[in-house]
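# Survey of secondary and tertiary structure
Residue-level listing of the chains:
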Amino acid sequence: MINNLIELNIEKIEEILNSRLEDDEVTTLKDLPTPDVFKDMEKATEIITKAIEENQKITIVGDYDVDGVVATSILNGFFQEIDKEVEIILPNRFNDGYGLSVDIIERIDTDLIITVDNGISAIEAGERAKERGISLVITDHHMCPKTLPYADAIVNPKQDDCNFPESNIAGATVAWYVVAGLKKKMNLDLDLGSFLDLMAFAILADAMPLKSINRSFVKQGIRSINKSSRPAIQAMKKWLEINTFTTNDIIFSINPR
């Protein structure tokens, strides 16, 4: 089984490397599907906006892989832009396991939990959050179980009744769309393009199919990476002695680190 998974990942990587991004027309941001196409996006943005306006405690629960870290960074970046302090939890692989757990619910004091890149299978944790009176907004991109966890809102393109046109997107892409929804809901002057450099790392790390909006985000993301002034990206360029990153560099040199 492990060998089959390795072969599958290698096939996905080869597919990505064989894709000639530079030759394709790519959708611009203004032409992308709008956030409201997601099921529960209106609910999610309403809940988060209310928590912000009422100065409630908000906790982001992410994941420890590249996609989860990037998704967390994007959502946290939004809160930094509006000067809202939030708590961030990236579960420990060995002590916490994957995603939102009952143990995490028990040890935090918060009014609202927002998951990124996880949560769709958190049945027990969702029930415990409900018992404790904690609002829960799940944003995820993994396959949905037959029984969904309790949550006040679930934003996931793989829900059967979600009308978002592309189901194979990264958790970071879902998080970006939540930020886009919040920008619209709160009428904010926020540059959504400022997160595209981070999103390229996540999409490539999760080996998303490079077509449709994934292709658009990666192409524009790589452009942003090579123009980025982020200290982390500048440090990577200096450490690796690379001035212009390619898809190959991101997959094999940066994402593993």
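For the structure itself, look to the data block above.
Residues numbered from 1 in each chain as written. Predicted model: local features only at pLDDT ≥ 70, side-chain atom pairs only at ≥ 80, totals over all residues. Heavy atoms only, no water.

## Quick word on the side chain of Thr110
As a reminder of what qualifies: Under the DSSP-based scheme used, a helix requires at least four consecutive residues in state H or I and a strand at least two consecutive residues in state E, with every element numbered from the N terminus. Residues adjacent in sequence count toward polar contacts only when both atoms are side-chain atoms; beyond that, a polar contact is any pair of N or O atoms within 3.5 Å, and within protein one must be able to donate a hydrogen and the other to accept it. In what follows, residue pairs with any heavy atoms lying within 4.5 Å of each other are defined as contacts.
Following the sequence through the fold, Thr110 ends up in the loop between helix H4 (102–107) and strand S3 (112–116). Within the structure, Thr110 has its side chain in polar contact with the backbone oxygen of Lys57 (distance 3.0 Å). A distance of 3.0 Å separates the side chain of Thr110 from the side chain of Thr59, its partner in a polar contact. Among all residues touching Thr110, those that are not within four sequence positions of it are Lys57, Ile58, Thr59 and Ile134.

## Section: the sheet that holds strand S2 (residues 87–89)
To be explicit about the condition: Strand pairing is defined by DSSP finding a minimum of two bridges between the two strands. Every axis corresponds to a line fitted to the C-alpha atoms, with the helix fit spanning only the stretch in contact, and the corresponding angles, defined between N-to-C directions, vary from 0 to 180 degrees.
Here five strands make up an open sheet; going across it, the order is S2-S1-S3-S4-S5 and the pairing parallel. In this open sheet, the two edge strands, each paired with only one partner strand, are S2 and strand S5 (153–155). This sheet shows a mean twist of 15° between the axes of neighbouring strands, independent of strand direction. Bridge count for strand S1 (residues 58–61) against S2 is three bridges, and the pairing is parallel. In the strand pairing of S2, Ile60 is matched with Ile88. Across the sheet, helix H3 (residues 66–81) is in contact with S1, S2 and S3; its angle to S3 comes to roughly 135°.

## Points about the packing of aromatic side chains
The cut-off we apply is this: Between the rings of Phe, Tyr and Trp (Trp by its six-membered ring), a pair exists once the centres lie within 6.5 Å; its type follows the angle of the planes, with under 30 degrees stacked, over 60 edge-to-face, and the other angles tilted.
Overall, the coordinates contain six aromatic pairs when judged by the stated rule. A centroid spacing of 5.3 Å and a plane angle of 55° characterise the contact between Phe38 and Tyr177, whose relative ring orientation is tilted. Taken together, the positions of Phe38 in the loop between helix H1 (2–18) and helix H2 (41–53) and Tyr177 in helix H6 (residues 171–186) put the pair 139 residues apart, joining distant regions of the chain. Ring centres of Phe164 and Tyr177 lie 5.0 Å apart, and the angle between their planes is 75°; this geometry places the pair in the edge-to-face category. Here Phe164, found in the loop between S5 and H6, pairs with Tyr177, found in helix H6; they are 13 residues apart in sequence, far enough to count as distant. Ring-pair connections join several aromatic residues into one group, and the members of that group are Phe38, Phe164, Trp176, Tyr177 and Phe217.

## A short note on helix H5 (residues 123–132)
To keep things clear, this is the line we draw: Accessibility here uses a 1.4 Å probe with only protein chains present; expressed as a share of the type maximum, an area under 20% marks a residue as buried, one over 50% as exposed, and anything in between as partly exposed. Each direction from the helix axis to a C-beta atom contributes to the arc, which is the arc of those directions.
Among the residues of H5, those classed as buried are Ala125, Gly126 and Ala129. End-on view of H5: buried residues confined to an arc of 100°, all on one side of the axis. Summarising the geometry of H5, the exposed residues directed more than 90 degrees from the buried face are Glu124 and Glu131. Buried residues in H5 make contact with H4 and strand S4 (135–139). Following H5 by one or two positions, Gly133 has its phi on the positive side, about 75°.

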